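Coordinate inspection notes
Residue strings, one per chain:
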Amino acid sequence: MMPRSATTRVLGWLALLALLVGLGLAFGYAPRESIQGNVQRIMYVHVPAVLTAYLAFVLVLVGSIGYLASARAGWDRLAAGAAELGVLFTGITIASGSIWGKPTWGTWWTWDARLTSTAILFLVYVGYLLLRAMVDEPERRGRFAAVVGIVGAANIPIVHFSVKWWRALHQPSTILGPEPSPIAAPIAAALAANWAAFTLLFVYLLVRRIEIARLEEAAFLGGARAR
Amino acid sequence: MPDNWGYVLAAYGVAAAALLGYWRHLVRRGRALAASRRGDRGAT
């Protein structure tokens, strides 16, 4: 069996390769969209970023439930790492969406249901990370954060279905919706490749983040013993 | 509709900068923790 760091390194190279393939498909294979033109290519970052953020926040929920049920530190590390990455990918979603919104909607930001609910999702998990930073004692930190991690997950369906539940400027879901996707095959292929690349990158970064959390805990425990 | 390549580059640039920045933060943090661990072992 390969040592953990070698496996992580292989995962990192695979993620990089997948991102390069995704870029190639987004710019070299997917056609120019007939209505929006080339600015639509922002979709290959924007949509994978939000889907990766959903995955991250689902893992925060899983890790939080696991921690409350078992009090095992591994679940807390998973939740904390996934929350950090969820905030990162939600930030990319909001930034890329805002940049896409300017040429297509004529504005960087509007208080549309999808945009507002995504901003709330972002702020809830920023709050989760701030809470973790404020509590030093690992068990209390894990318990408090787990409660926020579980409550915060209620925002995920709100963000996703906001375009259905409220009148929104943002377009309805074209993937992960009940109807078959209307996206043309080459565009769908490029989107799927970028989604896979983002997921691989997410897994790589999460594994590294969890390894670091383990080292941080060891350093904290060593420091506490020394005191 | 014009192609707005500037917006496309900006969106990809922001995403790349955020991901690269986070990755570098992890690498540096990991190295610092590993070095302090080696230092602790050396001291004992």
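Bear in mind the structure is a predicted one, so any value in this text is a computation, not a measurement.

When you go through chain A residue by residue, the secondary structure sums to seven helices and zero strands. A compact globule built from 227 residues should have a C-alpha radius of gyration of about 17 Å, and chain A, at 19 Å, falls within 12% of that. Principal-axis analysis of the C-alpha atoms places the extent of chain A at approximately 65 × 45 × 30 Å. Counting every position in chain A, which comprises 227 residues, the buried fraction comes to 45%. Contacts in chain A between residues at least 24 apart in sequence constitute 73% of all its contacts with a sequence separation of at least 6. Summing over all exposed atoms, chain A offers an accessible surface of approximately 11,300 Å²; the carbon and sulfur share of this is 69%. A distance of 3 Å separates the average location of the 19 positive side-chain charges in chain A from that of its 11 negative side-chain charges.

As a further point, take the interface of chain B and chain A. Counting from both sides, the interface comprises 22 residues of chain B and, opposite them, 34 residues of chain A. At the junction of chain B and chain A, the tally comes to one salt bridge. Between Glu216 of chain A and Arg29 of chain B there is a salt bridge, and its shortest N-O distance comes to 2.8 Å. Our count for the chain B to chain A interface comes out at four residue pairs in polar contact (both at pLDDT 80 or more). Residues of the side of chain B that touches chain A, tallied by class, amount to 17 nonpolar, two polar and three charged.

Moving on to the packing of helix H4 (residues 113-134) of chain A against helix H5 (residues 138-152) of chain A. A packed helix pair is summarised by two numbers, namely the angle formed by the two axes and the spacing between the axes. Residue and element names in this part refer to chain A. Interaxial distance between H4 and H5 falls to 9 Å at its minimum, and their mutual angle equals 175°. By the angle class used here, H4 and H5 are roughly antiparallel. Where H4 abuts H5, its residues Leu121, Val124, Tyr125, Tyr128, Leu131 and Arg132 lie against Arg141, Phe144, Ala145, Val148, Gly149 and Gly152. For the contact of H4 with H5, the class distribution of residues is eight nonpolar, two polar and two charged.

Next up on the list: the environment of Arg141 of chain A. Residue and element names in this part refer to chain A. Relative to the elements of secondary structure, Arg141 occurs in helix H5. Of the residues examined, Arg141 reaches a relative accessible area of 18% and is grouped as buried. Considering only alpha carbons, one finds Arg141 and Leu131, ten residues apart in sequence, at a separation of 7.7 Å. Apart from residues lying up to four places away in sequence, Arg141 is in contact with Arg132, Val135 and Asp136.

Here we take up the packing of aromatic side chains. On inspection of all chains with the given rule, the structure shows nine aromatic pairs over all chains. Measuring from centroid to centroid gives 6.0 Å for Trp108 of chain A and Tyr7 of chain B, while their planes differ by 50°, and the two rings are tilted. Of this pair, Trp108 of chain A sits in the loop between helix H3 (73-105) and H4 while Tyr7 of chain B sits in helix H1 (residues 5-43), placing the two residues on different chains. A relative accessible area of 43% means that Trp108 of chain A is categorised as partly exposed. Judged by its relative accessible area of 24%, Tyr7 of chain B falls in the partly exposed class.

Judged by nonpolar contacts, the single largest core of 54 residues is most densely connected at Tyr44, Val60, Leu85, Phe89, Ile92 and Tyr125 of chain A. Mapped onto this core, the elements with two or more residues apiece are helix H1 (4-29), helix H2 (43-70), H3, H4, helix H6 (155-165) and helix H7 (185-226) of chain A together with H1 of chain B. Element by element, the count of residues in this core is highest for H2 of chain A, at twelve residues. In contact with Tyr125 of chain A, other than residues within four places in its own chain, are Phe57, Val60, Ala83, Val87, Gly149, Gly152 and Ala153 of chain A.

The subject of this paragraph is the side chain of Asn194 of chain A. With respect to the helices, strands and loops of the structure, Asn194 of chain A is situated in helix H7. Not counting the four nearest positions on each side in its chain, Asn194 of chain A is found in contact with Gly22, Leu23, Ala26, Tyr44 and Pro48 of chain A.

Time to look at the confidence of the model for chain B. Residues at a pLDDT of 70 or more form 86% of chain B, whose mean pLDDT is 88. On the interface metric, ipTM, the complex scores 0.88, and its pTM is 0.91.

Okay, H3 of chain A next. Residue and element names in this part refer to chain A. The end-to-end C-alpha distance of H3 is 46 Å, a good match for the 48 Å that 33 residues give at a rise of 1.5 Å each. A large share of H3 lies buried, amounting to 24 of its 33 residues. Where H3 ends, the next residue or the one after it, Gly106, has phi of about 85°, a positive value.

Conventions and cut-offs
- Residues numbered from 1 in each chain as written.
- Chains lettered and ligands numbered in written order.
- Predicted model: local features only at pLDDT ≥ 70, side-chain atom pairs only at ≥ 80, totals over all residues.
- Heavy atoms only, no water.
- Helix = DSSP H or I, 4+ residues; strand = E, 2+ residues; numbered from the N terminus.
- Rg over C-alpha atoms; globule rule 2.2 N^0.38 Å.
- Buried < 20%, exposed > 50% of the residue type's maximum accessible area, 1.4 Å probe, protein only.
- Contact = heavy atoms within 4.5 Å.
- Areas by Shrake-Rupley, 256 points an atom, 1.4 Å probe, with all protein chains shown as cover.
- Lys, Arg positive; Asp, Glu negative; His and termini not counted.
- Charge placed at Lys NZ, Arg CZ, Asp CG, Glu CD.
- Salt bridge = Lys/Arg side-chain N within 4 Å of Asp/Glu carboxyl O.
- Polar contact = N/O pair within 3.5 Å; in protein donor to acceptor, adjacent residues only side chain to side chain.
- Nonpolar A, V, L, I, M, F, W, Y, C, P; charged D, E, K, R; others polar.
- Axes fitted to C-alpha atoms, helices over the stretch in contact; angles between N-to-C directions.
- Parallel < 35°, antiparallel > 145°, perpendicular 65-115°, else oblique.
- Phe/Tyr/Trp six-rings, centres within 6.5 Å; stacked < 30°, edge-to-face > 60°.
- Core = buried A, V, L, I, M, F, W, Y, C linked by side-chain atoms within 4.5 Å.
- pLDDT = per-residue confidence, 0-100.
- Expected span 1.5 Å × (residues − 1).

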